[in-house]
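Listed below, chain by chain, are the residues.
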Amino acid sequence: MRTDSLQDGVRRTTLPSGLRILTEAIPTTRSAALGVWVRIGSRDETPAMSGASHFLEHLLFKGTEKRSALDISAEIEAVGGETNAFTTKEYTCYYARVLDADLPLAIDVLCDAVANSVLAPADVETERGVILEEIAMHDDEPGDEVHDVFSEAIFGPGTALGRLISGTEETITPMTRTQINRFYRSRYKASEIVITAAGNLEHAKVVKLVRAALAGSPLDHEPEQAKPRSTTRHKTQRPATVVRNRDTEQAHLVLGGIGITRDDERRFALGVLNNVLGGGMSSRLFQEIREKRGLAYSVYSYGSQYADAGLFGVYAGCAPGKADEVLKLIRAELAAVAADGITEAELARGKGMVKGSYVLGLEDTGSRMSRLAKSELLYGDLMGVDELLARVDEVTLQECNELAADLFTQPMSLAVVGPFDDDAFAAAS
């Protein structure tokens, strides 16, 4: 067992099994946040098992040899705490937030659920129905659906990054308990797991509690080598226009293209550039499309970075009859930034937005806990707050303008959800 002291008072212990524990002590709080993070997400599934990570996320709260599903929720709620989970394309997280005195309970409950779930056949069938309802509910939210359509347009239907995190009715319906259990036991290895905690705590006590909670479990074994995720740039398909016909009152649009990978040094410049383009009420897109013309209530830009790929997009929700005009304005703004760049004043404002958002986002224990996990899981290192702020300050106008010229001049894909025929935007391709 090895323990290291990292930046900002963070400590990390690596257990003999390869499982890592990171904590940040915040003595001024009376709460603690705990997360069990597994480096397995929807991109790690085969096409036939699409949705398995999300299915498993549901099932791990359904009971262990020690606890029923009711016990798991009731023990945390009885002390006023909360627990939940979520799945992304590259990891799954199980988390709890409790009073500091109840952290030992949270550790025992979450570790038990993640390590020792029984996946009872009856629970598999119950949760299958819940997930199918969740998929149907998502289909009724066109503002969410359009982002999935856009990912499919960028990465290709059926690809690791193009598939839905939830899976589809066609993959979830036939998935068996045996298949899910095999996925669970083959992928949930100690070397793929990071446990993080932040709040009024002591690192040594957290480590001791985690070791006790996992003793004798499948996660208490000799280390197995973690499978490295590919760092070869993810293949993308040719720019496409994808229209999903829905009887909606609004047209939901996402226009964009290939972005940058997670470890690209230009990610700091992209954060600044994104804020200038569409990151707030003072952004170019918001001012041009909403404030000046009143064409949309919501308009913003965003970027997503993965281990070997990335994308950027601009979203707008508008009346169907205004979709062509909104798209024309988005394209014009992207072209203007690519050709002429941003100004010094915009650069300063963009930096301030990035730094303020980051620091203000660390004002609670849950955010601190998440920061530790994402740094360890995704980057393998923790960048201190001051170091990150310094990196943002170092971003130059030239870096932002060169990045804009690189990203915003490429052929772009368009995703549309609304009352349109398939060829309604053919001329916009």
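See above for the structure.
Residues numbered from 1 in each chain as written. Predicted model: local features only at pLDDT ≥ 70, side-chain atom pairs only at ≥ 80, totals over all residues. Heavy atoms only, no water.

### Here we look at the overall build of the chain
When helices and strands are tallied, the chain shows 15 helices and 12 strands. Relative to the 2.2 N^0.38 estimate, which gives 22 Å for 429 residues, the radius of gyration of the chain is 23 Å and therefore close to what a compact globule would have. Dimensions along the principal axes, computed over C-alpha positions, put the chain at roughly 60 × 50 × 40 Å. Residue burial in the chain is summarised as follows: out of 429 residues, 53% are buried. Excluding contacts between residues fewer than 6 apart, the proportion of contacts in the chain whose partners are at least 24 apart in sequence is 81%. If you sum the accessible surface of the chain, you get close to 18,900 Å²; carbon and sulfur atoms cover 51% of it. Once the 46 positive and 63 negative side-chain charges of the chain are each reduced to a mean point, those two points are 5 Å apart. (Helix = DSSP H or I, 4+ residues; strand = E, 2+ residues; numbered from the N terminus. Rg over C-alpha atoms; globule rule 2.2 N^0.38 Å. Buried < 20%, exposed > 50% of the residue type's maximum accessible area, 1.4 Å probe, protein only. Contact = heavy atoms within 4.5 Å. Areas by Shrake-Rupley, 256 points an atom, 1.4 Å probe, with all protein chains shown as cover. Lys, Arg positive; Asp, Glu negative; His and termini not counted. Charge placed at Lys NZ, Arg CZ, Asp CG, Glu CD.)

### Description of the sheet that holds strand S4 (residues 31-38)
Strand pairing in a sheet is mediated by backbone hydrogen bonds. Such pairs are either parallel or antiparallel. The sheet built from seven strands is open, its strands ordered S1-S2-S3-S7-S4-S6-S5 with mixed pairing. Pairing within the sheet leaves two strands with one partner each, and these edge strands are strand S1 (2-5) and strand S5 (82-87). Direction aside, the axes of adjacent strands within the sheet are offset by 15 degrees on average. The sheet contact formed by S4 and strand S7 (residues 193-199) spans seven bridges and is antiparallel. Across the sheet, valine 38 pairs through a bridge with isoleucine 193, a residue of S7. Packed on one face of the sheet, helix H1 (residues 52-59) meets S5 and strand S6 (92-99) and runs near 165 degrees to S5. (Pairing = 2+ DSSP bridges. Axes fitted to C-alpha atoms, helices over the stretch in contact; angles between N-to-C directions.)

### Examining helix H7 (residues 177-187)
Among the residues of H7, those classed as buried are Ile180, Phe183, Tyr184 and Arg187. All buried residues of H7 fall inside an arc of 100 degrees around its axis, so they share one side. Against the buried residues of H7 lie H1, helix H3 (103-116) and helix H4 (121-139). (Arc of directions from axis to C-beta.)

### Structural notes on the sheet that holds strand S10 (residues 296-305)
Read from one edge to the other, the open sheet built from five strands follows the order S8-S12-S9-S11-S10, with strand pairing classed as mixed. A strand with exactly one partner marks an edge of an open sheet, and here the two such strands are strand S8 (241-245) and S10. Across the sheet, the mean angle separating the axes of adjacent strands is 15 degrees when strand polarity is ignored. As paired strands, S8 and strand S12 (residues 413-418) are joined by five bridges and run parallel to one another. Within S12, the residue paired with asparagine 245 across the bridge is glycine 418. This element, helix H5 (residues 142-155), spans S8, strand S9 (251-258), S10, strand S11 (310-318) and S12 of the sheet and lies at about 30 degrees to S9. Against the sheet, helix H10 (residues 284-291) touches S10 and S11, its axis set at about 155 degrees to S10.

### Quick word on a negative patch on the surface
Taken together, Asp139, Asp140, Glu141 and Asp144 make up a surface patch of like negative charges. On the secondary structure map, aspartate 144 appears in helix H5. (Patch = residues over 30% accessible without salt bridge, like charges linked within 9 Å, V, L, I, M, F, W, Y side chains within 5 Å. Salt bridge = Lys/Arg side-chain N within 4 Å of Asp/Glu carboxyl O.)

### Observations regarding unusual backbone geometry
In this structure, aspartate 8 takes a positive phi of about 60 degrees despite not being glycine. Here aspartate 8 is to be found in the loop between S1 and strand S2 (10-14).

### Here we look at the nonpolar core
Among the nonpolar cores identified, the biggest contains 51 residues, and Leu19, Tyr94, Ile195 and Val210 are the most heavily contacted of them. Element by element, the count of residues in this core is highest for H3, at nine residues. If you look at the next biggest cluster of nonpolar residues, it comprises 50 residues, including Leu255, Leu277, Leu329 and Ile342. (Core = buried A, V, L, I, M, F, W, Y, C linked by side-chain atoms within 4.5 Å.)

### Concerning the pattern of salt bridges
Here the structure, examined in full by the defined rule, presents 32 salt bridges. One salt bridge connects aspartate 4 with arginine 2, and the closest N-O pair in it is separated by 3.4 Å. Here arginine 2 falls in the partly exposed class, since its relative accessible area comes to 48%. Measuring nitrogen to oxygen at the nearest pair gives 2.9 Å for the salt bridge that ties arginine 12 to glutamate 376. Linking arginine 12 in strand S2 with glutamate 376 in helix H13 (residues 365-379), this pair joins segments that are 364 residues apart in sequence. On the accessibility criterion, arginine 12 (14% relative accessible area) is buried.

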